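Read off the chains here:
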Amino acid sequence: MPVEAAPLAADPVIRPRFFCSAEVGEVMARTIDNESGRTQFFIAEILAEWPDKPNLASTCDARLLCNSEMADERLTNGGQHILIDADDTLWENNVYFERAIANFISFLNHRVYSPDQVREVLNDVERGCIVKHGYGLHSFAHALVETFERVSVEPITPALHEKINSFAHTVADNPVEIIAGVPETLEHLAGRHDLVLVTKGAIAEQTGKIERSGLKEYFSSIEILAEKNVAAYREIAAKYDLPNDSTWMVGNSPKSDINPALAAGLNAVFVPHGDTWILEHEEVNDAQPPSRLLTVERFSDLVVHF
């Protein structure tokens with residue numbers, strides 16, 4: 001008969017009971033060895049609880065039960081590798097660009113084009129500027145100037161050029177506004193999983209926001225990419241030797257965070273944001289097994305699943 005061990009007291013949320021049996025213990029031990037580091041850490045804790053049983057290393061964990069529901073995802077997930085987006089996932093970002101665009105369109109005060117029509121021109125220009133200049137304030141400033149040149153009948157003077165650039169520069173004047181619940185959630189996740197910050201944009205700008213955010217300490221690594229696409233996610237997984245089945249991309253952008261991560265064979269967590277940049281809008285694709293897709297209402301909801 002299995003012998004019941006005392007519950008682990010170290011985890012205040014999940015209090016499993018472990019049963020040991022020599023008959024099935026070796027099979028389970030080999031299975032656990034192929035699992036994540038977090039599961040192996042549970043074994044180490046269990047062995048520490050039973051110093052009078054030296055043979056438990058090969059006969060541990062025949063069965064795992066929880067005092068709560070067996071379906072507790074924080075337990076079944078074990079140690080995961082969680083890639084986390086920054087802009088509009090950890091802190092506010094696009095709302096500042098939207099304010100700058102609104103001020104630019106108001107300044108333009110076009111007599112023929114409606115504000116929506118000017119915005120459509122800007123969106124088209126920004127797509128081209130991304131190809132030429134990448135992401136960030138430099139590219140945004142170019143897009144505003146080019147949009148003015150496309151829709152305005154008057155030539156752009158040095159004074160106008162400076163005024164238009166000033167709309168872009170106002171974005172940089174804003175503090176890093178952390179989204180509610182993010183620090184506490186990261187603290188929870190970092191104690192259980194491996195966190196990698198994965199953002200895109202101008203290196204200097206993104207590095208500055210990361211430093212000012214005060215969140216850097218929660219991440220084992222930081223990746224600032226020129227673009228987030230399928231190839232980029234595969235390169236990250238290969239660089240850090242991340243297994244697809246235990247690696248998740250968390251973010252607000254279907255185009256850059258969710259769909260390419262799923263296409264790369266990873267799992268994903270979609271965290272919608274009401275002010276996601278329009279050029280990041282896209283239908284969220286279904287996850288193709290074995291990839292998994294979660295949708296949460298807010299970032300802090302991650303503690304329920306991880």
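To be clear, the structure that these remarks concern was listed above.
A brief report on the enclosed structure follows. (Residues numbered from 1 in each chain as written. Predicted model: local features only at pLDDT ≥ 70, side-chain atom pairs only at ≥ 80, totals over all residues. Heavy atoms only, no water.)

1. So, the pairing of strand 6 (residues 221–225)
Rules: Per-residue accessibility, obtained with a 1.4 Å probe over protein chains only, is compared with the maximum for each type, and a residue is labelled buried under 20%, exposed over 50%, and partly exposed between these values. Put simply, DSSP H or I for four residues or longer makes a helix, DSSP E for two residues or longer makes a strand, and each gets a number counted from the N terminus. For two strands to be treated as a pair, DSSP must find at least two bridges joining them. Handedness of a crossover is defined as follows: with both strands directed away from the viewer, a clockwise route from the first strand across the helix to the second makes it right-handed.
Here strand 6 shows a buried face lined by Ser221, Glu223 and Leu225 and an unburied face lined by Ile222 and Ile224. Relative to strand 6, strand 5 (residues 194–200) runs parallel, the two being bridged by five bridges. Note that in strand 6 the partner of Thr199 across the bridge is Ile224. Tracing the backbone out of strand 5, into helix 9 (residues 203–213) and back to the parallel element strand 6 gives a crossover that is right-handed.

2. Brief notes about helix 11 (residues 254–263)
Put simply, the rule is: Two residues form a contact once any of their heavy atoms are found within 4.5 Å. Polar contacts here mean pairs of N or O atoms no more than 3.5 Å apart (in protein, one a potential hydrogen donor and the other a potential acceptor; neighbouring residues in sequence count only if both atoms are side-chain atoms).
Among the 10 residues that make up helix 11, eight are buried, leaving the element largely enclosed by the rest of the structure. Looking at helix 11, one finds that the buried residues are Pro254, Ser256, Asp257, Ile258, Asn259, Pro260, Ala261 and Leu262. Along its buried surface, helix 11 packs onto strand 5, helix 10 (230–239), strand 7 (247–251), strand 8 (267–270) and strand 9 (293–295). The N-capping residue of helix 11, defined by a side-chain oxygen 3.3 Å from the backbone nitrogen of Lys255, is Ser253. With its phi angle positive at about 95°, Gly265 sits one or two positions after the end of helix 11.

3. Brief notes about the nonpolar core
Just so we agree on the cut-off: Side-chain atoms within 4.5 Å link the members of a nonpolar core, which is a set of buried Ala, Val, Leu, Ile, Met, Phe, Trp, Tyr and Cys residues.
Counting residues in hydrophobic clusters, the biggest one holds 26 residues, and the most contacted among them are Phe104, Phe140, Leu144, Phe148, Ile164 and Val171. Those elements that provide at least two residues to this core are helix 4 (94–108), helix 5 (115–133), helix 6 (137–151) and helix 7 (158–172). With residues near it in sequence (within four places) discarded, Phe104 still touches Val118, Leu144, Thr147, Phe148, Ile164 and Phe167. In terms of nonpolar packing, the next biggest core, distinct from the first, is built from 24 residues, Ala86, Val182, Leu189 and Trp248 among them.

4. Some details on the packing of aromatic side chains
As a reminder, the rule being used: Between the rings of Phe, Tyr and Trp (Trp by its six-membered ring), a pair exists once the centres lie within 6.5 Å; its type follows the angle of the planes, with under 30 degrees stacked, over 60 edge-to-face, and the other angles tilted.
Within the structure shown, the criterion is met by five aromatic pairs. Aromatic pair Phe97 and Phe140: ring centres 5.0 Å apart, planes at 75°, arrangement edge-to-face. Here Phe97, found in helix 4, pairs with Phe140, found in helix 6; they are 43 residues apart in sequence, far enough to count as distant. Accessibility classification places Phe97 together with Phe140 in one group, the buried group. Here the aromatic cluster, defined as three or more aromatic residues joined through ring pairs, consists of Phe104, Phe107 and Phe167.

5. Considerations on unusual backbone geometry
The step from Pro289 to Pro290 runs through a cis peptide bond, and the omega angle for that step is 15°. By the element assignment, Pro290 lies in the loop between strand 8 and strand 9.

6. Quick word on the pattern of salt bridges
As a working rule, side chains carrying opposite charge can pair if their charged atoms are close by. What counts here: Any carboxyl oxygen of Asp or Glu within 4 Å of a side-chain nitrogen of Lys or Arg constitutes a salt bridge here.
Enumeration according to the criterion identifies 13 salt bridges in this entry. Between Arg150 and Glu146 there is a salt bridge, with the nearest N and O atoms lying 3.3 Å from each other. Of this pair, Arg150 and Glu146 both sit in helix 6, four residues apart, which is roughly one turn of that helix. For Arg150, a relative accessible area of 45% translates into the label partly exposed. In this structure, Glu297 and Arg298 form a salt bridge, with 3.0 Å as the shortest nitrogen-oxygen distance. Each of the salt bridges in this network shares a partner with another, and the network as a whole consists of Asp124, Lys132, Glu146 and Arg150.

7. Remarks on the side chain of Thr247
Note that Thr247 resides in strand 7. A distance of 2.6 Å separates a polar side-chain atom of Thr247 from the backbone oxygen of Pro243. Not counting residues up to four positions away in its chain, the partners in contact with Thr247 are His81, Leu83, Leu242, Leu266 and Asn267.

8. Remarks on the packing of helix 4 against helix 7
Using the following cut-off: Here, axes are lines fitted to C-alpha atoms. For helices the fit covers the stretch in contact, and angles between N-to-C directions go from 0 to 180 degrees. Relative orientations are named as follows: roughly parallel for angles under 35 degrees, roughly antiparallel for angles over 145 degrees, roughly perpendicular for angles from 65 to 115 degrees, and oblique for any other angle. Less than a right angle of anticlockwise turn of the near helix away from the far helix marks a crossing as left-handed, whereas a clockwise turn marks it as right-handed. Throughout this entry, Asp, Glu, Lys and Arg are counted as charged residues, while Ala, Val, Leu, Ile, Met, Phe, Trp, Tyr, Cys and Pro are counted as nonpolar. The remaining residues, Gly among them, count as polar.
At their nearest, the axes of helix 4 and helix 7 sit 7 Å apart, and the two run at 155° to each other. Comparing their axes, helix 7 and helix 4 come out roughly antiparallel. For the crossing formed where helix 4 meets helix 7, the hand is right-handed. Mapping the contact onto sequence places Tyr96, Phe97, Ala100, Asn103, Phe104 and Phe107 in helix 4 and Leu160, Lys163, Ile164, Phe167, Thr170 and Val171 in helix 7. Its residues placed into classes, the contact of helix 4 with helix 7 shows nine nonpolar, two polar and one charged.

9. Details of the environment of Glu227
Inspection of the secondary structure assignment puts Glu227 in the loop between strand 6 and helix 10. We classify Glu227 as partly exposed; its relative accessible area is 28%. C-alpha of Glu227 to C-alpha of Ser256: the two residues are 29 residues apart in sequence and 8.0 Å apart in space. Among all residues touching Glu227, those that are not within four sequence positions of it are Tyr135, Lys200, Ala232 and Ser256. A polar contact is formed between the side chain of Glu227 and the side chain of Tyr135, at a distance of 2.7 Å.

Shape descriptors only; they carry no functional weight alone.
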